[in-house]
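One-letter residues, chain by chain:
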Amino acid sequence: MTDPSILVVGSVAYDSVASPEGERTEQLGGTAVFSSIASGYLTRPGLVGVVGTDFRDEDVAMLKNHGVDVSGLEVADGNTFRWAGSYVDDLNMAVTLDTQLNVFETFNPTLSSDHAGTPYLFLGNINPDLQLSVLHQMSPRPRVVACDTMNLWIDIKKEPLTQLIDLVDVLLINEAEAEQFTGEASMVNSAASLLHHGLKLLVIKRGEYGAAVFHGSFSFAVPAYPMARVVDPTGAGDSFAGGFMGYLAAVGSGVEDEDAEAIRRATVVGSVMASFAVEDFGVERLRNVTHAEINERFTGFVNLTRFHPLDGGQGLPTPWADTGHEMSDAKR
Ligand code: AMP
């Protein structure tokens, strides 16, 4: 097997989830699992994480079948990380009911020399101390480093998280968390404040409203794919990140001004992966999607957002223009 082109760090979990569509207990989840499966449709991911001795062989086999290099998945004495959450009141916001760190409590990731040289790095949501430890082991520094986080770490680990944000190229964060981190009450102001940390690119995930991208030289937004039914939003953000970073890695793109077109496409690929993730519980849909379905949904996004610019700088129709009559404030 070839070396991975993207290294994905994060949690590997057994999740118990309640949504308006039903409940599941101990289903495979975790930020690194969703991200590595999503990026595995585009490139070769390597997963760095830890599981306990209770981790199921079939789950390792499934990751391998998706092209994920699991040589960085450590098995430690104890139980796999557990998370329980509910979307019963609001599909856009998980209420955490229980978190059991288990083997994550003593996890100290050590990268192999093959992994340390991976050109793309995605530091999925996990304790920022661990994200920093992995970043410091990379040599040479990867071409693109991206990270994600969550409200818990903004509450209890703001200092290492700020250090991390100062070092990465790309931050993927959801809208409420961007506002929580910056103390700003609007997305645009929180984006401006976050870009001051030296980020090259900021991706704000907005749940059912899609995603917005802020770069020093341009901004871009895509809606979420219109879904008749959302079954389980768990992992939507991680699947987005896997698709986004997986696409950049697959086409060898950076995140500079000249990479704007690749960044726009990556945002759509991320949105495609997120839309599959929410169609069923856990990774059930994401792991069964075909390349034809991915391409078809990408085209669906193109059609959803396509429109022509105004021709020849003429502007929109102006019904009062030839009467010499300007619209008064009252008519506006
Ligand atoms: P998302 O829905 O993309 O925000 O991420 C959901 C995943 O995050 C679930 O599969 C959980 O296992 C995982 N998760 C929840 N809390 C934590 C945490 N404190 N650290 C790491 N992963 C977590």
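Treat the numbers as computed from the prediction; the structure is a model and nothing was measured.

A. Inspection of the site of the ligand at higher detail. The environment of the ligand is formed by 19 residues, the closest being Ser-11, Asp-15, Gly-30, Gly-235 and Asp-238. Within the contact set of the ligand, an oxygen atom lies 2.7 Å away from a backbone nitrogen or oxygen of Gly-235. Within the contact set of the ligand, an oxygen atom lies 2.6 Å away from a side-chain nitrogen or oxygen of Asp-238. Its free accessible area being 510 Å², the ligand has 86% of it covered by the protein chains. At 3 residues, the largest contribution of residues to the shell around the ligand is made by helix 9 (residues 236-251). Grouping the amino acids of the shell around the ligand by side-chain chemistry returns 9 nonpolar, 8 polar and 2 charged.

B. Expanded view of helix 9. Taking 1.5 Å of rise per residue, 16 residues should cover 22 Å, and helix 9 covers 23 Å from first to last C-alpha, within 8% of that figure. Phi turns positive, to about 70°, at Gly-252, one or two residues after helix 9.

C. Geometry of the pairing of strand 4 (residues 45-52). The buried count for strand 4 comes to 8 of 8 residues, which makes it a mostly enclosed element. With 4 bridges connecting them, strand 1 (residues 6-9) and strand 4 associate as parallel partners. Within the sheet, the bridge partner assigned to Val-8 lies in strand 4 and is Leu-47. Following the chain from strand 4 across helix 2 (residues 57-65) to the adjacent parallel strand 5 (residues 69-76), one finds a crossover that is right-handed.

D. Spatial organisation of the pattern of salt bridges. According to the stated counting rule, one finds 15 salt bridges in the structure shown. Among the salt bridges present, the one from Arg-297 reaches Glu-279, with a minimum N-O distance of 2.8 Å. With a gap of 18 residues between them, Arg-297 in helix 11 (residues 291-305) and Glu-279 in the loop between helix 10 (260-277) and helix 11 connect regions that are remote in the sequence. A relative accessible area of 23% places Glu-279 in the partly exposed class. Arg-285 is the salt-bridge partner of Glu-293, the closest N and O atoms lying 3.4 Å from each other. Connected through shared salt-bridge partners, Arg-141, Asp-169, Lys-200 and Glu-256 make up one network.

E. Layout of the packing of aromatic side chains. Taken as a whole, this structure holds 5 aromatic pairs when the rule is applied. With a centroid separation of 5.4 Å and an interplanar angle of 45°, the aromatic rings of Tyr-225 and Phe-301 are classed as tilted. With Tyr-225 in the loop between strand 13 (219-222) and helix 9 and Phe-301 in helix 11, this residue pair connects regions lying 76 residues apart in the sequence. Site record: aromatic cluster; members linked through ring pairs are Phe-81, Phe-104 and Phe-107. Sitting above the plane of the Phe-181 ring, Lys-158 keeps its charged end 4.6 Å from the centroid.

F. Seen up close, the packing of helix 1 (residues 31-40) against helix 9. In contact at an axis separation of 7 Å, helix 1 and helix 9 are set at 40° when each is read in the N-to-C sense. Here helix 1 is positioned oblique relative to helix 9, judged by the angle of their axes. Judged by the twist between their axes, the crossing of helix 1 over helix 9 is right-handed. From helix 1, Thr-31, Phe-34, Ser-35, Ala-38 and Ser-39 reach across to helix 9, where they touch Asp-238, Ser-239, Gly-242, Gly-243 and Gly-246.

G. Spotlight on the sheet that holds strand 7 (residues 95-100). Spatial strand order, 3-2-6-7: 4 strands in an open sheet with mixed pairing. Because the sheet does not close on itself, it has two edges, and the strands there are strand 3 (22-29) and strand 7. The mean angle between the axes of side-by-side strands here comes to 15°, regardless of whether they run parallel or antiparallel. By the bridge criterion, 6 bridges tie strand 2 (residues 13-19) to strand 6 (residues 81-86) in an arrangement that is parallel. What sits directly across from Val-17, in strand 6, is Gly-85.

H. Structural context of helix 7 (residues 175-182). Listing the buried residues of helix 7 in full gives Glu-177, Ala-178, Phe-181 and Thr-182. Seen along its axis, helix 7 keeps its buried residues to an arc of 120°; they face one direction. Close packing links the buried residues of helix 7 with helix 5 (151-156), helix 6 (158-167), strand 10 (170-174), helix 8 (187-195) and strand 11 (201-205). One side-chain oxygen at the N-terminal end of helix 7 lies 3.3 Å from the backbone nitrogen of Ala-176; it belongs to Asn-174.

Conventions used here
Residues numbered from 1 in each chain as written. Predicted model: local features only at pLDDT ≥ 70, side-chain atom pairs only at ≥ 80, totals over all residues. Heavy atoms only, no water. Near = heavy atom within 4 Å. Polar contact = N/O pair within 3.5 Å; in protein donor to acceptor, adjacent residues only side chain to side chain. Areas by Shrake-Rupley, 256 points an atom, 1.4 Å probe, with all protein chains shown as cover. Helix = DSSP H or I, 4+ residues; strand = E, 2+ residues; numbered from the N terminus. Nonpolar A, V, L, I, M, F, W, Y, C, P; charged D, E, K, R; others polar. Expected span 1.5 Å × (residues − 1). Buried < 20%, exposed > 50% of the residue type's maximum accessible area, 1.4 Å probe, protein only. Pairing = 2+ DSSP bridges. Right-handed = clockwise from strand over helix to strand, strands pointing away. Salt bridge = Lys/Arg side-chain N within 4 Å of Asp/Glu carboxyl O. Phe/Tyr/Trp six-rings, centres within 6.5 Å; stacked < 30°, edge-to-face > 60°. Lys NZ or Arg CZ within 6 Å of the ring centre and 35° of its normal. Axes fitted to C-alpha atoms, helices over the stretch in contact; angles between N-to-C directions. Parallel < 35°, antiparallel > 145°, perpendicular 65-115°, else oblique. Left-handed = near helix turned anticlockwise from the far one by under 90°. Contact = heavy atoms within 4.5 Å. Arc of directions from axis to C-beta.

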